[in-house]
Amino acid sequence: MITPTTNDLVIRFANTNGTGSASANNMFAKAIMRMGVPVSAKNIFPSNIQGAPTWYEVRINEDNFLGRRGGKADIIVAMNAQSFNADILDVDKGGFLLYDSSKQLPEHLIKDDVNFLGIPISAICLKEYQNPRQRQLFKNVIYVGALAALLDIEFDVLKTLVGDQFKGKQKLITPNIYALELGYQYAINHFSCPLPVKVERRDLIGNQIMVDGNTACGLGAVYGGATVVGWYPITPSTSVIEKFASYCERLRIDPASGKKNFAIVQAEDELAAIGMAIGAGWNGARGFTATSGPGISLMSEFLGLAYFAEIPVVLMNIQRAGPSTGMPTRTQQSDILACAYASHGDTKHILLFPDTPSECFELSALAFDLADRIQTPVIIMSDLDLGMNEHLSKPFIWNDKQKYDHGKILSMRELDEVEHFGRYQDIDGDGICYRTVAGTHPKKGAFFTRGTSRNRNAVYSEKSEDYVDNMQRLEHKFATAAKLVPKAEISSGIKNAKIGLVYYGTSAQAMSETKHLLQEQGIPVDLMRIRAFPFDSEVKKFITEHEQIFLIEQNRDAQMRTLLCTELELSPDHIQSVLCFDGLALTAKQVVEDINNVLVKQSPEQEVG
């Protein structure tokens, strides 16, 4: 039998893409949250539209270990005939398989170490509903009701969620609650409820919300002052623009005239999309676009123009598994080098690495200030896991008194006081020049914006000294940016820990559990989360002060390690990579196993863990 546990389990829903299961599975996860228990959910779905297997994995853990646990699940809800055989094998020893028993299960599929919970879901739906679509949709609601009985989830919580979801649509509320009751009563009448693995109310959520990163990025762009979007749809970034548009419809309509104070243009391709956003930045608006890896490849030429001509623009890259089309519905952190050095020639771009939806909101808004102040592209480096899955998150915070930082833009009055305006003159010695916006002054402030070499006055020049002067100033400007971007987040463990773990982005989800597991083995570690490139001074200090560094990232080629060693002139031998690139969110078990393997090789006579 499985070890009895409370508020510590993994349940995996095996469904068919396009059957409406997502909303029911999401309701299940939110019910756990509303009972005050920490929960995380991962939607693992195919890149086709309909018909293929899809999985939705929910981890419940009151210690707040919410990274993917990996391995087998305690409970699997098996609703897909295509994956049924494999799903049985993924049930942990002594675990439970909830399945549709409308047809008898073949004997060769029955395993002695799995508890089979058969519910005739199709038969129930056939009896209760006349509409074929309802029969399909309510199958999902029935198994959620059954889980409420099996796991001891408060039924009133589910009823409230249904009411919230269909507020104002009583015709939908009543049948959904009835479907929940059908599943609940069947489980109560036929099984011993609750199971040894169950959920119990706690007060561990506080004021946290459950939201996906793409929604947060879209709202962050609104609060960051964005008004112009050029975009081309691509998974998994499309919902960034969709959410931005929906929030603009509520927040960016002029109350007097009813006119829209924003522009969203779907371009013919990614190159045109970022060109529109750059044009907006050149003209004084705040423009952005969102894309994924293939789009980054196409946008690289225009990114080089914005870097060299020094035009602000924000790009949100929701990373997925590549190269080429790769696995478009799987997650990775594999665009680090492509974005840091996007375009030909010597280019460097500012990268921001959010780890939660609240930071997606915060950094998306900040990106527009940084782009304006530094006059350069700023790229948000999210990923599919963060962008498309809902996560527990701190509430979004915004200070209404906050003013946008538009940087060094000369006004008409300031231009009147300037004897001679030179667009690329470094007046303040920080590498950042003063700029103007078209139409600011009738006579002063005009200059050519060009992608070709020029002198400090924006006059075309192919003189070597002018080119070198400009490129060195851009390098100096990038050094200035290192003082303006978010600093690394450092968490010290036991004093004088010899080992440091470095990570970024969604790898953060597994790190508190990683630290806990290593400490149980007597291995103290310090943690550092990189939040931006260029790297602040604390990054190099942390790495050099520890005897051994493990860098955790989700790509094959250790791209962040390459960036750190190149930019900070660090020895590659000092940084050991821990890599996960299977398209799934990494787990603490993977990280700990890789670290232990390295430590054993270094000291084979000493058993680790």
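Just above sits the structure.
Predicted, not measured: the structure shown is a model, and the values here were computed from it.

Colleague: If you had to explain empty space enclosed by the protein to someone new, which residues and values would you point to?
Modeller: Within the structure shown, the criterion is met by 6 cavities of 30 Å³ or more. Estimated volume of the largest cavity: approximately 100 Å³. When residues of the lining of the largest cavity are traced back to their parent elements, those giving at least two are β3 (39-44) and α13 (384-388). Counting residues per element, the lining of the largest cavity draws most heavily on β3, which supplies 3 residues.

Colleague: Explain helix α8 (residues 238-251) to me, using residue names and the numbers behind them.
Modeller: When the terminal C-alpha atoms of α8 are compared, their 20 Å separation across 14 residues agrees well with the 20 Å that a helix rising 1.5 Å per residue should span. Those residues of α8 that sit buried are T238, V240, I241, F244, Y247 and C248. Each element contacted by the buried residues of α8 is listed here: α7 (213-223), β10 (228-231), β11 (263-266), β12 (287-291) and β13 (313-319).

Colleague: Got a sec to walk through the pattern of salt bridges? Specific residues and values, please.
Modeller: Within the structure shown, the criterion is met by 30 salt bridges. With its nearest N and O atoms 2.9 Å apart, the salt bridge here joins E359 to R531. Remark: R531 occurs in the loop between β19 (525-530) and β20 (532-533) and E359 occurs in helix α12 (residues 357-374); sequence separation between them is 172 residues. Owing to a relative accessible area of 5%, E359 belongs among the buried residues under this scheme. In this structure, a network of salt bridges that share partners links the residues D355, E359, E362, E489, R529 and R531.

Colleague: Kindly report on the sheet that holds strand β22 (residues 575-579), identifying the contributing residues and their values.
Modeller: An order of β17-β19-β18-β21-β22 is seen for the 5 strands of this open sheet, with the pairing classed as mixed. Single-partner strands in this sheet number two, and they are β17 (489-491) and β22. Recorded for the sheet is a direction-independent mean angle of 20 degrees between the axes of neighbouring strands. Relative to β22, strand β21 (residues 548-553) runs parallel, the two sharing 5 bridges. Residue pairing for β22: I549 is matched across the bridge by I575.

Colleague: Which residues make up the pairing of strand β5 (residues 73-78), and what are the values?
Modeller: With respect to burial, β5 is a largely interior element, 6 of its 6 residues being buried. In this structure, strand β2 (residues 8-16) lies alongside β5, joined through 4 bridges in parallel fashion. Within β5, the position partnered with I11 by the bridge is I75. As judged from the 5 bridges shared by β5 and strand β6 (residues 91-100), these two strands associate in the parallel manner. Within β6, the residue paired with A73 across the bridge is V91. Handedness of the β-α-β unit built from β5, helix α2 (residues 84-89) and β6 comes out right-handed.

Colleague: Which residues make up the sheet that holds β6, and what values go with them?
Modeller: Here we have 6 strands laid out as an open sheet, ordered β3-β4-β2-β5-β6-β7, and mixed in their pairing. Two strands in the sheet have a free side with no partner beyond their single neighbour: β3 and β7 (115-119). Strand-to-strand twist in this sheet, taken as the mean axis angle between neighbours without regard to direction, amounts to 15 degrees. Sheet analysis places β2 next to strand β4 (residues 53-61), joined by 9 bridges and oriented antiparallel. Residue pairing in the sheet places N15 in a bridge with T54 of β4.

Colleague: Would you mind going over the environment of L392 in detail, with residue names and values included?
Modeller: For L392, the position within the fold is in strand β16 (residues 390-393). Sequence spacing of L392 and Q402 is 10 residues, and the spatial spacing of their C-alpha atoms is 26 Å.

Colleague: Describe the layout of surface pockets, listing the residues and the values that go with them.
Modeller: In this structure, the largest pocket spans a volume of roughly 970 Å³. Considering the residues around the largest pocket, the lining is formed by 38 residues, among which D355, T356, S358, K394 and R529 are closest to the centre. Sorting the residues of the lining of the largest pocket by element identifies β3, α12, β16, β17, α16 (511-520) and β19 as the ones contributing at least two each. With 8 residues, the top contributor of residues to the lining of the largest pocket is α12. Residues belonging to the lining of the largest pocket are distributed by class as follows: 17 nonpolar, 12 polar and 9 charged. In this structure, the second largest pocket encloses a volume near 720 Å³. Contributing to the lining of the second largest pocket are 35 residues, with A22, S23, N43, Y56 and M388 lying nearest its centre.

Colleague: Could you give me a rundown of the nonpolar core, with the residues and numbers involved?
Modeller: Counting residues in each nonpolar core, the largest one holds 77 residues, and the members touching the most others are F288, I530, M560 and L564. Looking at which element gives the most residues to this core, the answer is α12, with 8 residues. Apart from the residues lying within four places of it in its own chain, the contact partners of I530 are F353, V502, Y503, Y504, F535, V539, M560 and L564. I2, Y56, V58 and A148 belong to the second largest nonpolar core, which has 61 residues in total.

Colleague: I'd like to hear about the environment of E489, residue by residue, with values.
Modeller: Structurally, the position occupied by E489 is in strand β17. Judged by relative accessible area, E489 falls into the partly exposed class, the value being 43%. For the pair E489 and R531, spaced 42 residues apart in the sequence, the C-alpha separation amounts to 7.3 Å. Non-local contacts of E489, meaning those with residues more than four positions away in its chain, are made with L527, M528, R529 and R531.

Colleague: If you had to explain the side chain of D335 to someone new, which residues and values would you point to?
Modeller: Within the secondary structure layout, D335 lies in the loop between β13 and α11 (336-340). Of note is the side chain of D335, whose polar atom sits 3.1 Å from the side chain of N317. Apart from the residues within four sequence positions on either side, D335 is in contact with S292, G293, N317, Q319, M381 and Q559.

Colleague: Describe helix α6 (residues 170-190), listing the residues and the values that go with them.
Modeller: Because each turn of an α-helix spans 3.6 residues, side chains separated by three or four positions in sequence point in the same direction. Over its 21 residues, α6 extends 31 Å from the first C-alpha to the last, a length consistent with the 30 Å expected when each residue adds 1.5 Å. Here α6 has its buried residues at I173, P175, N176, I177, A179, L180, L182, G183, Y186 and A187. Looking at the buried side of α6, the elements it contacts are α1 (21-34), β7, α3 (121-128), α4 (132-151) and α5 (155-165).

Colleague: Residues and numbers for the packing of aromatic side chains, please.
Modeller: Scanning the entire structure with this criterion turns up 18 aromatic pairs. Considering the side-chain rings of F361 and F396, the 4.9 Å spacing of their centres and the 5 degrees angle between planes classify their relative orientation as stacked. Taken as a pair, F361 in helix α12 and F396 in the loop between β16 and α14 (412-417) lie far apart in primary sequence, 35 residues in all. Given the relative accessible area of 22%, F396 is considered partly exposed. An aromatic cluster is present here, built from F13, F28, Y56 and Y143 joined pairwise through their rings.

Colleague: Outline the side chain of D383, listing residues and values.
Modeller: Structurally, the position occupied by D383 is in strand β15 (residues 377-383). Buried within the structure, D383 lacks any salt-bridge partner; K42 is the closest side chain of opposite charge, at an N-O distance of 7.8 Å. Once residues within four sequence positions are removed from consideration, D383 is found in contact with I318, Q319, T331, Q332, Q333 and T506.

Reading guide: rules and limits
- Residues numbered from 1 in each chain as written.
- Predicted model: local features only at pLDDT ≥ 70, side-chain atom pairs only at ≥ 80, totals over all residues.
- Heavy atoms only, no water.
- 1 Å grid on protein atoms, 1.4 Å probe; cavity = no way out; pocket = protein on both sides within 12 Å on 5 of 7 lines; lining within 4 Å.
- Points joined across faces, edges and corners; volume = space filled by probe spheres on them.
- Helix = DSSP H or I, 4+ residues; strand = E, 2+ residues; numbered from the N terminus.
- Expected span 1.5 Å × (residues − 1).
- Buried < 20%, exposed > 50% of the residue type's maximum accessible area, 1.4 Å probe, protein only.
- Contact = heavy atoms within 4.5 Å.
- Salt bridge = Lys/Arg side-chain N within 4 Å of Asp/Glu carboxyl O.
- Pairing = 2+ DSSP bridges.
- Axes fitted to C-alpha atoms, helices over the stretch in contact; angles between N-to-C directions.
- Right-handed = clockwise from strand over helix to strand, strands pointing away.
- Nonpolar A, V, L, I, M, F, W, Y, C, P; charged D, E, K, R; others polar.
- Core = buried A, V, L, I, M, F, W, Y, C linked by side-chain atoms within 4.5 Å.
- Polar contact = N/O pair within 3.5 Å; in protein donor to acceptor, adjacent residues only side chain to side chain.
- Phe/Tyr/Trp six-rings, centres within 6.5 Å; stacked < 30°, edge-to-face > 60°.
- Lys, Arg positive; Asp, Glu negative; His and termini not counted.

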